[in-house]
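Fold and geometry: a report
Here's the letter readout for the chains.
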Amino acid sequence: MEIIKYPSQILRKKAEDIRDIRDSKIQSLIPDMVSTMKKNKGIGLAAPQVGRSIRLIVVNLKHEPLVICNPKILWFSRKEEIGEEGCLSLPGVYGQVARSFKIKMEGQDKFGKKVKFKAEGLFARVLQHEVDHLDGVLIIDKFVRKH
Ligand code: CO
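Residues numbered from 1 in each chain as written. Predicted model: local features only at pLDDT ≥ 70, side-chain atom pairs only at ≥ 80, totals over all residues. Heavy atoms only, no water.

1. Quick look at the coordination of the cobalt ion
Protein coordination at the cobalt ion comes from Cys87 (SG), His129 (NE2) and His133 (NE2), with a distance range of 2.0 to 2.3 Å. Mapped onto the sequence, the donors of the cobalt ion take the spacing C-x41-H-x3-H. With histidine 129 and histidine 133 both in helix 2 (residues 121-134) and four residues apart, this pair spans about one turn of that helix. Considered together, histidine 129 and histidine 133 belong to a single accessibility category, that of buried residues. (Donors = N, O, S within 2.8 Å, 3.2 Å for Na, K, Ca; no water. Helix = DSSP H or I, 4+ residues; strand = E, 2+ residues; numbered from the N terminus. Buried < 20%, exposed > 50% of the residue type's maximum accessible area, 1.4 Å probe, protein only.)

So, in structure tokens, the structure goes:
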């Protein structure tokens, strides 16, 4: 799939919840997103970045690609960390972004089963970055100067 680049308007829209995860369109979109993420050497990808304004993210940091439908961050640690981020929709743009060090996430897997887990460090950072995409938020909105 083609990665949608800034300043496309779809990247600024709030994405819709997925009602039927078992729908064949969603089931074929998931592996397409995973392969697009891998092909572009991304560690995460959100559906709006491939032109679908729905709440679906994929992350490539663990042994297996992680797929989360309707992800929701239930808790953000007060402790934050500043780290460099880039984005496949903003080629060549890198900057420092402050993110919670730990989060608690809830969502559904590709079968529609509820999942709930904690994440920290880079994993938590990527999840926060991808959920931002679902709310139309990009890293350029969040760049900070490192003190
Ligand atoms: Co991004």
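Next comes the rest of the account.
2. Digging into the sheet that holds strand 5 (residues 95-100)
Taken together, the three strands give an open sheet; going across it, the order is 4-5-8, and neighbouring strands pair in antiparallel fashion. Edge positions in the sheet fall to strand 4 (80-85) and strand 8 (143-144), since each of these pairs with one other strand and no more. As paired elements, strand 5 and strand 8 share two bridges and run antiparallel to each other. Bridge pairing links glutamine 96 to valine 144 in strand 8. Lying on the sheet, helix 2 is in contact with strand 4 and strand 5; it crosses strand 5 at an angle near 100 degrees. (Pairing = 2+ DSSP bridges. Contact = heavy atoms within 4.5 Å. Axes fitted to C-alpha atoms, helices over the stretch in contact; angles between N-to-C directions.)

3. So, unusual backbone geometry
In this structure, the amide linkage connecting tyrosine 6 to the following residue, proline 7, adopts the cis form with an omega of 10 degrees. The topology assignment puts proline 7 in the segment before helix 1 (24-39). One non-glycine residue, asparagine 70, adopts positive backbone phi at about 50 degrees. Structurally, asparagine 70 is set in strand 3 (residues 66-76).

4. Points about helix 1
Between its terminal C-alpha atoms helix 1 stretches 23 Å, which fits the 22 Å expected from 16 residues at 1.5 Å a residue. Looking at helix 1, one finds that the buried residues are Ile26, Leu29, Ile30, Met33, Val34, Thr36 and Met37. Here the buried residues of helix 1 occupy an arc of 165 degrees about the axis, which is enough to place them on one side. Structural note: helix 1 exposes Ser24 and Lys39 on the side pointing more than 90 degrees away from its buried face. A distance of 2.8 Å separates the backbone nitrogen of lysine 25 from a side-chain oxygen at the start of helix 1, and that oxygen is part of aspartate 23. (Expected span 1.5 Å × (residues − 1). Arc of directions from axis to C-beta. Polar contact = N/O pair within 3.5 Å; in protein donor to acceptor, adjacent residues only side chain to side chain.)

5. Notes on the nonpolar core
Ile18, Met33, Leu45, Ile54, Leu56 and Val58 are the most contacted members of the largest nonpolar core, which has 17 residues in total. Looking at this core, the elements that each hand over two or more residues are helix 1, strand 2 (56-59) and strand 3. Residue contributions to this core peak at six residues, all from helix 1. When near neighbours in sequence (up to four residues on either side) are disregarded, leucine 45 contacts Ile3, Met33, Thr36, Met37, Val50, Leu56, Ile57, Val58, Leu88 and Glu130. Judged by nonpolar contacts, the second largest core, of 16 residues, contains Ala46, Ile68, Ile103 and Met105. (Core = buried A, V, L, I, M, F, W, Y, C linked by side-chain atoms within 4.5 Å.)

6. Describing the packing of aromatic side chains
The final tally for this structure, using the stated rule, is one aromatic pair. Where phenylalanine 117 meets phenylalanine 123, the ring centres are 5.9 Å apart and the plane angle is 10 degrees; that geometry is what we call stacked. Under the relative-accessibility criterion, phenylalanine 123 is labelled buried at 11%. The residue whose ring lies beneath lysine 62 is phenylalanine 123, and the NZ or CZ to ring-centre distance is 4.3 Å. Lying over the aromatic face of phenylalanine 101, lysine 79 brings its terminal NZ or CZ to 4.0 Å of the ring centre. (Phe/Tyr/Trp six-rings, centres within 6.5 Å; stacked < 30°, edge-to-face > 60°. Lys NZ or Arg CZ within 6 Å of the ring centre and 35° of its normal.)

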